[in-house]
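Listed below are the residues making up each chain.
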Amino acid sequence: MAIVLPQGRFNNSSDKNIRGVIAERCRILAVVGLHGNTFKPHTGTKTSVLFVQKWNDDPKAGALCPRQDDYNIFFATMRKSGKDNSGDKIWRKITSSTSSPAEDELSDLMPPSPMQRVVGVEGDFLQDEHGHLVVDHDLYNHEGLTEDGIAEAFIEFAKKENLSFFEPSPSVAPFDAERYQMLMDGLEAAEVKLSNLEFSGRLDSEYYRPEFLNFETRVLSNTHCLLKEKASFLIGPFGSQFIVENYDEQSPYRYVRGRDVKPFFIMDDENVNVPESDYERLSKYKLKENDLLVSVVGTLGNVSIVTQDVLPAIFSCKSTVVRSKNLIFSKYLLAYLNSDIGKKLLVRKARGAIQTGLNLDDLKTALVYLPSSSFQELIAKLLDLSKGSVDQSKEIYQQAEDLLLSELGLQDWQPTEETVAVKSFAESFLSSGRFDAEYYQLKFDQLIEQLEEKVELTPLSDLLTLNQRGKQPQYIEDEDEYELGLPVVNSKHVREGEVILTDNRYAYLPETDDPLTIQTDDVLINGTGVGTIGRCAPYLYEQESLPDNHVTILRTDSLDPVYLSIYLNSIIGKLLVEKHFKGSSGQIELYPNELLNFKFGKRLMLSSKNQKQG
């Protein structure tokens, strides 16, 4: 019997008894994890197919399936989705492995089958013998036209396990160990003993991906522990106690949200603070220095250390605190859980079908590699050095911004709070085409007047060779295919003065003659989002990447990219962004054509360019 079930039935703790009943009454033959797009556009719920055979020791009652205490289970996960995010089918393209032999080669082969003769190209896509396009998936071999897939691997598994419905016969080829190994190596598939499932209690095929099993084996073969053996835990506030009604910018008490938990260190822009009343009401959730915060909802598996500059603070239900009395171990654990192996073994434990999460019991049983004390101490020292470098870079950045504002006479300048402005019709609508009163606030005029006293101004349009916003990317869902695309940079990756290439999704390069990509020394600016609009940073990586539809690329031969980003992140850029963005609250946009109207100091521009050349 085969049945499609939501992913939660395979991994949720609350459904463990259901899985127990199934294991009691049936032999679990296989679990095949389907792609999240399989049933789109009808639903995006992640599902898997469960294959079982009812226990049966009586040959008169049907196919024989004698009860066993332990046995192998076949797990496989789709790598190719067969559909895109919209639910449209992805057709198989013609490749060297799917195309027919050349005509001059056929004489040395058996006569081609009808399927081979009618395989053709519609564009560059494969067709079957009926002229139907072939969907690109790895579930099975489509009429001999594509590679063997999960179905063919399971057939070999069934032969190897002597399952009753694959008894040897003239029509059934015997088990081929070499072919079976080759199929398993080419798929996301593994064999796991039923007894090995008892600890996790899970049946989702993704949990038993070969990569995870390999990582697990490597850690288990060395000195290791479970996380609960070395640390205590504190989950964030839930329900009514979680509600923070008001933020208070003047309060010293920080509220660390799930979005603030990044790899290694807590994000320190877009900070929110809560009144003392909320801080005391939620006193149970006060953070301590060197606590580790693990993101357990949303972007899973990020781990940050709580440093003194974050405190005093409380945290939200989107994170769990891992607290160790051993300072060296805490810092080593920070590095381990953010490493490739540590993070994957942690995220592996996530449960759920639509919104996945890490629960406390699973977090406690996270597997941790334990190197020598001297090695842990070395890791801790390196982390201290990295934190010192981060702090120093912030100080230098602030010095650079202060120097710029001092040169422009804006060091201690404060914009007026006057809200009334009088403009002629020619000065307002005829010149700008805008009627919104906010556009004509006096503080914007005062800024320009102050700049003109110091430098000759020029529009940004005269300085750019490219000013273009990205488009919605075609994301790659399978991590194993990331090498086929490029990392995508969105608004969360563009910080003030820094682009972060972590937690990026990947997308295929657009199939155009001149695709828009982010290149070294480009300047990226966020075009949307309350609190993030106008945030700007130079892109200093050699890795080419793609902008999403919230990020605009600024490219120039006239300006140093670091100088341009400092200028735009200063009070000058912030006021220019405020003046030129459009839209209502929550839906504001800074369009590329508005950026062209930004004013720059020409003398400073030339000085910056000369410094770069020097």
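The following refers to the structure shown.

A word on the sheet that holds strand E11 (residues 264-265)
The mixed open sheet is built from 5 strands, whose spatial order is E9-E16-E13-E14-E11. Each edge of the open sheet carries a strand with a single partner, namely strand E9 (232-235) and E11. Here helix H9 (residues 327-338) sits on the sheet and contacts E11, strand E13 (292-295), strand E14 (303-305) and strand E16 (319-323); the angle it forms with E14, its principal contact strand, is near 155°.

Examining the pairing of strand E2 (residues 26-33)
The element E2 is largely enclosed, with a buried count of 8 among its 8 residues. In the sheet, E2 pairs with strand E3 (residues 47-54) via 7 bridges, with the strands oriented antiparallel. By the bridge assignment, Ala30 is partnered in E3 with Phe51. By the bridge criterion, 4 bridges tie E2 to strand E4 (residues 72-77) in an arrangement that is parallel. Counted as the bridge partner of Gly33 is Thr77 from E4.

Quick notes on the environment of Thr512
Tracing the sequence through the fold places Thr512 in the loop between strand E22 (506-507) and strand E23 (523-526). Sequence separation between Thr512 and Glu156 is 356 residues; the distance between their C-alpha atoms is 43 Å.

Notes on a nonpolar patch on the surface
Residues Phe375, Leu378, Leu382 and Leu385 make up a contiguous nonpolar surface patch of about 400 Å² in total accessible area. Inspection of the secondary structure assignment puts Leu385 in helix H12 (residues 373-407). When its relative accessible area of 59% is taken as the criterion, Leu385 is described as exposed.

A closer look at the environment of Phe165
Structurally, Phe165 can be placed in the loop between helix H4 (150-160) and helix H5 (177-186). A relative accessible area of 40% means that Phe165 is categorised as partly exposed. For the pair Phe165 and Asp514, spaced 349 residues apart in sequence, the C-alpha separation works out to 55 Å. Phe165 has contacts with Leu29, Gln53, Phe154 and Ala158, leaving out every residue within four places of it along the chain.

Observations regarding the nonpolar core
Core analysis: the biggest nonpolar cluster contains 33 residues, and Ile572 and Phe600 have the highest contact counts within it. Here this core takes 5 residues from helix H15 (residues 561-569), the largest share from any one element. Excluding anything up to four places from it in sequence, Ile572 contacts Leu405, Leu408, Leu410, Leu447, Leu451 and Tyr567. Of all hydrophobic cores here, the second largest spans 32 residues; its members include Leu300, Ala335, Val368 and Ile379.

Describing helix H10 (residues 340-347)
Listed in full, the buried residues belonging to H10 are Gly342, Lys343, Leu345 and Leu346. What you see down the axis of H10 is that its buried residues fit within an arc of 165°, all on one side. Contact partners of the buried residues in H10: helix H7 (210-220), E13, H9 and helix H11 (360-364).

Considerations on the sheet that holds strand E12 (residues 273-274)
If you walk across this open sheet you meet the 3 strands as E12-E10-E15, and the pairing is mixed. Strands at the two margins of the open sheet, each flanked by one partner only, are E12 and strand E15 (313-315).

A closer look at unusual backbone geometry
A cis geometry characterises the amide bond from Lys40 onward to Pro41, with omega recorded as 10°. Among the secondary structure elements, Pro41 is positioned in the loop between E2 and E3. Cis peptide bonds are those with omega within 30 degrees of zero, and the linkage from Leu311 to Pro312 qualifies with -5°. You can see Pro312 is positioned in the loop between E14 and E15. One non-glycine residue, Asn290, adopts positive backbone phi at about 75°. Relative to the elements of secondary structure, Asn290 occurs in the loop between helix H8 (276-281) and E13.

Cut-off values and rules
- Residues numbered from 1 in each chain as written.
- Predicted model: local features only at pLDDT ≥ 70, side-chain atom pairs only at ≥ 80, totals over all residues.
- Heavy atoms only, no water.
- Pairing = 2+ DSSP bridges.
- Helix = DSSP H or I, 4+ residues; strand = E, 2+ residues; numbered from the N terminus.
- Contact = heavy atoms within 4.5 Å.
- Axes fitted to C-alpha atoms, helices over the stretch in contact; angles between N-to-C directions.
- Buried < 20%, exposed > 50% of the residue type's maximum accessible area, 1.4 Å probe, protein only.
- Patch = residues over 30% accessible without salt bridge, like charges linked within 9 Å, V, L, I, M, F, W, Y side chains within 5 Å.
- Areas by Shrake-Rupley, 256 points an atom, 1.4 Å probe, with all protein chains shown as cover.
- Salt bridge = Lys/Arg side-chain N within 4 Å of Asp/Glu carboxyl O.
- Core = buried A, V, L, I, M, F, W, Y, C linked by side-chain atoms within 4.5 Å.
- Arc of directions from axis to C-beta.

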